[in-house]
Every structure is written in structure tokens, then in C-alpha cells.
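Overview (structure and organization)
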Amino acid sequence: DPGADASLCGMAATGASGTNAVRYGTMRPNVLNLRVVLPDGRLLHTAGPGRQPRKRAAGYDLTSLFVGSEGTLGFLTQATLRLHPLPEATAVTIASFPSVGAAVACTVQVLQAAVPVARIEFLDEVMADACSHFSGMGLPAAATLLLELHGSRHSLAEQQQQTEEIVRQNSGSSLAWAEGLEERERLWSMRHNAWYAALALRPGCQGYSTDVCVPISRLPDVVVETKQDLQASGITGPMVGHVGDGNFHCLLIFNSQDPEEAQRVHAFTQRLGRRALAAGGTCTGEHGVGLGKRALLQEELGQEGLDTLRSIKAALDPHNLMNPGKVL
């Protein structure tokens, strides 16, 4: 369940995911084979032509090499994907919390309790208020979790009870569960419109989205520190994220014609990346490195890791034709 306008090969090229990743995984484990046009024009099937085994131990894992390569190694033109069965029953709820720390702590406890949750999406109070106004949902301006459960009708009732108890333990106020398709789609449409809701906070300004991913155990601390950093920096940056797998985003809305504000935004993104690295995480969980996080990539992988990536790039693309200057 990616965001709006995503393509399958685009998702694979950036190693992206979506709201269902906490249960069903990101693109990487769900891509079984890729058809790639290499820089010299040859056609490569990363797992062999027509092959789609659920696992393999034959040679290097070329499929994983190209997933997340950001267009630097070849054109991804076809993807063979793993499918998952549709659940018998689905239920969604929205829970509001007194602070971002309480909301994220609830997420950690839900995962530690092994509740087989399909989606846990986090909105800070700024994002919740923006989404509420943009989509006409009437949500309180408070740290919010959207939780979705999948399973049989019998197991779903037990999961709902367990989730409600954890929400209450973290001072959350849970609304009624939505099980009808139309109501569920309305809630997730609100979440998927978060980018446009954030832009509406400052009409005429530019949006810049950045993300990090950290171990679940460190997520509450990193989210709280990031929230404090945003407030201290005077930046409009609503927070939203797939916190079920430790990934969250800051949607930074700023006046690109104001050099001082643009510099504050840049400095914040660098601090955010380094905060994630210090917590044992990664500078990007799904947005990729591109141009803006090349220095952070070196800090994350070390010189040996970066040299290895450059060797692979040079072997496959000796003339530096594919997305030159990106990532490396």
C-alpha cells in the first residue's frame, strides 16, 4: 500500500515500502525477480529468466542488489512480486495520545506483545490537525495512531481487545473500530493525503520530505528528540511515519526564497540523519540517498562500505551513465 502515484519498479528502485510493511515487509523481501536493462544495453533477469522461487541460494543475490539502487546500476523494467492472501476480516481504529512519546511507546508495546498488526501509522499533533482539516475528519489535534488488524473473524476480536488494553495503558483514547470497506478507505485516504495536508499549512511554500529508520527499542527517544528539535528550530515540520517498522518522516514546509529558513531546514535534516545513526539506525528507511544524504551514507557504511559500492558501480557502469552523481 504505497503512497499516491507510486510505480512498482519505482518502488523497487528506491527500496520503498508503505503502510503494510510492518506485517508484509518492504519491497526488498517481496521482489522475486527483476528485468533490468544494464548500462551497456544488455537485458538481465536478476533471478534468471522466468524464475520466481520463494527463496534461493544460487550465487549472489542480484535482485536485492538492484532493489534500492536508485537508478544508478540500470533501468528496472519489470518486477515479479510475491503475493499475500487477502485477510478474512479487517478492522481499523484511531487512537489519540497526550504526547508523541506516549503514542510511540504504545507502538513499541503493541509490537513487543506480538499483536499481528498489519499497519501502525503515527501522526504528531501538527500532522493530525492538518490531516483533519484537509480531509474533514474532525480529529483532535493530538499525537495519533492509526492501527489496522488483519485476521480471521475469531482472532480479530482477540487482537482488538489486546490492542485496546495497550492503548489504555499508554493514556490513549481509542475510537470505535471501523470494519466496513468504505469507512476504512476514508481513514487511509486521509493518511495518504498527508503530504497535501502538510503543504496546506503554508500555502505557496515548498515541501521537503525526509525520513530515517531506527531500531524499535530506540524509536520513542528518537521521535521525542526530533520533535523537540523541530520546535527549537522554529520549523514547520509535521511528523508522520510507518512507526511499526521504526520508520518515520518529517514533512518540512518552508519558504525556499528565504535563505536563512532554507539553511535551518538543511541543518535539521543533517541532525536528524545523524541522530538516527547514533541510535543504531539508518539515515533513510525508504526515501533513498539521492544527493542530499551522500555524506550520511559514508558515515553509515564507513569508507570500506562506500568503496565496495563504488567498485560495483564501476563494474556495471564504467562510463557513469546511470544517474551520475547520485548516492555515491
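Residues numbered from 1 in each chain as written. Predicted model: local features only at pLDDT ≥ 70, side-chain atom pairs only at ≥ 80, totals over all residues. Heavy atoms only, no water.

By the naming in an unreviewed UniProt entry, the protein chain goes by D-lactate dehydrogenase (cytochrome) and is assigned to Erpornis zantholeuca. Note on the protein chain: under the UniProt heading Subcellular location (unreviewed entry), the record states "Mitochondrion". (UniProt positions renumbered as here; feature names shortened; annotations may be inferred.)

Backbone hydrogen bonds are what pair the strands of a sheet, in a parallel or an antiparallel way. Ordered in space as β7-β4-β6-β5-β9-β10-β8, the seven strands form an open sheet in which the pairing is antiparallel. In this open sheet, the two edge strands, each paired with only one partner strand, are β7 (173–174) and β8 (206–213). The sheet contact formed by strand β4 (residues 89–97) and β7 spans two bridges and is antiparallel. Residue S96 lies in a different strand from β7, and its bridge partner there is S173. The strands that helix α6 (residues 125–135) touches are β5 (117–123), β6 (143–151), β9 (239–241) and β10 (247–254); relative to β5, the one it contacts most, it runs at about 95°. Its contacts with the sheet place helix α10 (residues 219–233) against β5, β9 and β10, and it is angled at close to 5° to β10. (Pairing = 2+ DSSP bridges. Helix = DSSP H or I, 4+ residues; strand = E, 2+ residues; numbered from the N terminus. Contact = heavy atoms within 4.5 Å. Axes fitted to C-alpha atoms, helices over the stretch in contact; angles between N-to-C directions.)

Time to look at the sheet that holds strand β2 (residues 43–45). If you trace the three strands from one edge of the open sheet to the other, you get β2-β1-β3, paired in antiparallel fashion. Each edge of the open sheet is held by one strand with a lone partner, namely β2 and β3 (75–81). With strand direction ignored, the average angle separating the axes of adjacent strands in the sheet is 15°. With six bridges connecting them, strand β1 (residues 31–37) and β3 associate as antiparallel partners. Residue pairing across strands places N33 opposite T80, the latter belonging to β3.

Turning next to the nonpolar core. F97, F122, L145, V223, F248 and C250 are the most contacted members of the largest nonpolar core, which totals 40 residues. When contributions to this core are tallied by element, the ones reaching two or more residues are β4, α5 (100–112), β5, β6, α7 (153–169), α10, β10 and α11 (259–278). Considering each element in turn, this core owes the most residues, six residues, to α5. (Core = buried A, V, L, I, M, F, W, Y, C linked by side-chain atoms within 4.5 Å. Buried < 20%, exposed > 50% of the residue type's maximum accessible area, 1.4 Å probe, protein only.)

Every buried residue belonging to α6 is among M127, A128, A130, C131 and S132, and all of these are buried. At its buried positions, α6 is contacted by β5, β6, α8 (181–192), α9 (194–199), β9 and β10. G136 sits one or two residues past α6 and shows a positive phi near 65°.

Okay, the pairing of β6 next. Across the nine residues that make up β6, a large majority, nine, are buried. A two-sided burial pattern is seen for β6, the buried positions comprising A143, L145, L147, L149 and G151 on one face and T144, L146, E148 and H150 on the other. In this structure, β5 lies alongside β6, joined through six bridges in antiparallel fashion. Within β6, the position partnered with I120 by the bridge is L147.

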